[in-house]
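Take a look at the letters that make up each chain.
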Amino acid sequence: MFPTPIEKRSRSYQLTYQGLLPIALIMWLLPLIAVAVFSIRPDSDFTNGNYWGMPSSFNFFENYGKVFFESDMPRYLLNSVFITIPTVLGTIALSAMTGFALGIYRFKGNLLIFFMFIAGNFVPFQILMVPVRDLTVNMNLYDTKTGLILFHIAFQTGFCTLFMRNFIRALPFPLIEAARVEGVREWQIFLYVVLPLMKPALAALAVLIFTFIWNDYFWAVVLTQGPDAQPVTAGITAFNSQYRAAYHLMSAGSIVAALPPVLMFFLMQKHFIAGLTLGAVK
């Protein structure tokens, strides 16, 4: 039996897709591959203009050894950990409670408050840069990890509240009514009825917020300076010397800085996908 024109067209589309997919993958990975190759080049390659040729030698241990043992990179990494983890926990806890209040209770001004949370997501950070910096200076929070944590929580709560509120509204409301009939208090309903059902959403949101905060560069530069409070994204620029940049050390530091979000995603991949696709199929 000969294939129909529709089957031929479908087959041609499939072959085209299979042929273009490796090309798209290589193009997408090309910048990462270039950074990885830069990270093992000797400094002399950049001095001689050998950016894209074969490395004259492979200085993997030397370059990464300088990053870990001859720079402040370990301190920057610890700063990122001490900034990111409290921010993720604080944002998720606050947005879960706010989403519960906005998703379960019906009161006057509910929709207005919800829109206020959403509206904050549409304000460009560049507009807020000067007033936020002045506010941190006046509150003695400038160049501190505490200041960066508090403002990250404030900026991320709007998006997380939107996520949590919509997720909670999709939960079966008869469960909450049944708990109220049994005399369960509201805080117990949140802890023992709603929160266990939100685990996939919490995991997905934790991965997203962890990635956002760990990779943040804008607020790290605006609100901090120096190795005492700067996270790793801003600390990598410390490899710039007075006259030129140490590209091999910056590349090695970038690879090291990119590993925690990747590891976080693979550890939480199952829960992350479950949280994003929950409710897609009834």
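The structure presented is a predicted model; accordingly, all values stated were derived computationally and were not measured.

A. Here's a closer look at the overall build of the chain. Of regular secondary structure, the chain possesses 14 helices and 0 strands. Moving toward the C terminus, one meets the helices and strands of the chain in the order α-α-α-α-α-α-α-α-α-α-α-α-α-α. The C-alpha radius of gyration computed for the chain amounts to 24 Å, which surpasses the reference 19 Å derived for 282 residues by more than 25%, pointing to a less compact arrangement than a globule. Dimensions of the chain, computed from the C-alpha atoms along their principal axes, are close to 80 × 75 × 30 Å. A total of 282 residues make up the chain; the buried ones form 37% of that total. Looking at the chain alone, contacts between residues at least 24 apart form 72% of all its contacts between residues at least 6 apart. Surface exposure of the chain reaches about 17200 Å², of which carbon and sulfur atoms provide 70%. One way to put it: in the chain the 18 positive side-chain charges average out to a point 13 Å from where the 13 negative ones average out.

B. Molecular detail of the pattern of salt bridges. Taken as a whole and judged by the stated rule, the model has 4 salt bridges. One salt bridge in this structure joins Lys66 and Glu62, with 3.7 Å as the shortest N-O distance. Of this pair, Lys66 and Glu62 both sit in helix α3 (residues 60-69), separated by 4 residues, roughly a single helical turn. Among the residues examined, Lys66 registers a relative accessible area of 27% and is labelled partly exposed. Between Arg75 and Asp228 there is a salt bridge, with the nearest N and O atoms lying 3.3 Å from each other. Of this pair, Arg75 sits in helix α4 (residues 73-104) while Asp228 sits in the loop between α11 (218-223) and α12 (232-235); the two residues are 153 residues apart in sequence, bridging distant segments of the chain. Exposure remark for Arg75: the relative accessible area of 39% places this residue in the partly exposed category. Classification of Asp228 as exposed rests on a relative accessible area of 54%.

C. Expanded view of the packing of α4 against helix α7 (residues 145-169). One can describe the packing of α4 onto α7 by two numbers: an axis separation of 6 Å at closest approach and a directional angle of 35°. Crossing angle aside, the handedness with which α4 passes α7 is right-handed. Here the contact of α4 with α7 is built from residues that sort into 15 nonpolar, 12 polar and 3 charged.

D. Focus on helix α6 (residues 125-138). End to end, α6 covers 19 Å across 14 residues, agreeing with the expected 20 Å (1.5 Å per residue, within 8%). The axis of α6 is deflected most strongly, by about 30°, at Pro131.

E. Quick look at the packing of helix α10 (residues 199-214) against helix α13 (residues 247-267). Running from N to C, α10 and α13 cross one another at 175°; their axes reach a closest spacing of 10 Å. Considering the angle they form, α10 stands roughly antiparallel to α13. Of the residues in α13, those touching α10 at Ala206, Val207, Phe210, Thr211 and Trp214 are Ala257, Pro260, Pro261, Met264 and Phe265. Of the residues that constitute the contact of α10 with α13, the class distribution is 9 nonpolar, 1 polar and no charged.

F. Broad picture of the side chain of Asn110. Turning to its location among the elements, Asn110 is positioned in helix α5 (residues 110-119). Under the relative-accessibility criterion, Asn110 is labelled buried at 9%. A polar contact of 3.2 Å, which involves the side chain of Asn110, links it to the backbone oxygen of Leu102. Those residues in contact with Asn110, other than ones at most four positions away along the chain, are Ala101, Leu102 and Tyr105.

G. Highlighting the nonpolar core. Of all hydrophobic cores here, the largest spans 53 residues; its most connected members are Val194, Met198, Val232 and Phe239. Elements supplying a minimum of two residues to this core: α3, α4, α7, α8 (173-181), α9 (186-197), α10, α11 and α13. Filtering out sequence-adjacent residues up to four positions away, Met198 remains in contact with Ala96, Met164, Phe167 and Ile168.

H. Examining a nonpolar patch on the surface more closely. Residues Leu20, Ile23 and Met27 make up a contiguous nonpolar surface patch of about 330 Å² in total accessible area. Inspection of the secondary structure assignment puts Ile23 in helix α1 (residues 5-38).

I. Expanded view of the environment of Asn59. You can see Asn59 is positioned in the loop between α2 (43-47) and α3. With a relative accessible area of 14%, Asn59 lands in the buried category. Taking C-alpha positions, Asn59 is 5.9 Å from Pro42, a pair spaced 17 residues apart along the chain. For Asn59, the contacting residues outside a window of four places in its chain are Ser39, Ile40, Arg41 and Pro42.

J. Summary view of the confidence of the model for the chain. Here the chain averages 84 in pLDDT, and 91% of its residues register 70 or above. By mean pLDDT, the top-scoring element of the chain is α4 (92), and the lowest-scoring one is helix α14 (residues 269-277) (64).

Criteria and thresholds
Throughout, a residue's number is its position along its own chain's written sequence, starting from 1. At least 70 in pLDDT is required for a residue's local features to be given in this predicted model, at least 80 for side-chain atom pairs to be given and counted, and no such filter applies to totals for whole chains, interfaces and linings, which use all residues. To obtain the side-chain values, all non-hydrogen atoms of the structure were included, while hydrogens and water were left out. The way it works is that DSSP assigns letters per residue, a run of H or I at least four long becomes a helix, a run of E at least two long becomes a strand, and they are numbered from the N terminus. With the radius of gyration taken over C-alpha atoms, the globule rule is written as 2.2 Å times the number of residues to the power 0.38. Partly exposed describes any residue whose relative accessible area lies between the buried limit of under 20% and the exposed limit of over 50%, with all areas from a 1.4 Å probe on protein chains only and scaled to the type maximum. In what follows, a contact means two residues having at least one pair of non-hydrogen atoms within 4.5 Å. The protein chains shown are the only cover counted for residues, whose accessible areas, like all others here, come from Shrake-Rupley with a 1.4 Å probe. Counted as positive: Lys and Arg. Counted as negative: Asp and Glu. His and the chain ends are not counted at all. Taken as the charge location is NZ of Lys, CZ of Arg, CG of Asp or CD of Glu. Think of a salt bridge as a Lys or Arg side-chain nitrogen and an Asp or Glu carboxyl oxygen that are within 4 Å of each other. Axis geometry follows a simple rule: fit a line to the C-alpha atoms, using only the stretch in contact for helices, then measure angles between N-to-C directions, giving values from 0 to 180 degrees. Two helices that cross are described as forming a left-handed crossing if the nearer one is turned anticlockwise from the farther one by less than a right angle, and a right-handed crossing if clockwise. Only Asp, Glu, Lys and Arg are considered charged in this grouping, and only Ala, Val, Leu, Ile, Met, Phe, Trp, Tyr, Cys and Pro are considered nonpolar; every other residue, Gly among them, is considered polar. One less than the residue count of a helix, multiplied by 1.5 Å, gives the span that helix is expected to have. In this scheme, the bend at a residue equals the angle between the axes fitted to the seven residues that finish there and the seven that begin there. Angle categories are assigned with fixed cut-offs, so that under 35 degrees is roughly parallel, over 145 is roughly antiparallel, 65 to 115 is roughly perpendicular, and the rest are oblique. Here a polar contact is recorded for every N or O atom pair within 3.5 Å, except that within protein the pair must consist of a potential hydrogen donor and a potential acceptor, and residues adjacent in sequence are included only if both atoms are side-chain atoms. Think of a nonpolar core as a cluster: buried Ala, Val, Leu, Ile, Met, Phe, Trp, Tyr and Cys residues, connected wherever their side-chain atoms sit within 4.5 Å. In this analysis, a patch consists of residues with relative accessible area above 30% that form no salt bridge, clustered at 9 Å for like charges and at 5 Å for the nonpolar side chains Val, Leu, Ile, Met, Phe, Trp and Tyr. Note: pLDDT gives the predictor's confidence per residue, expressed from 0 to 100.

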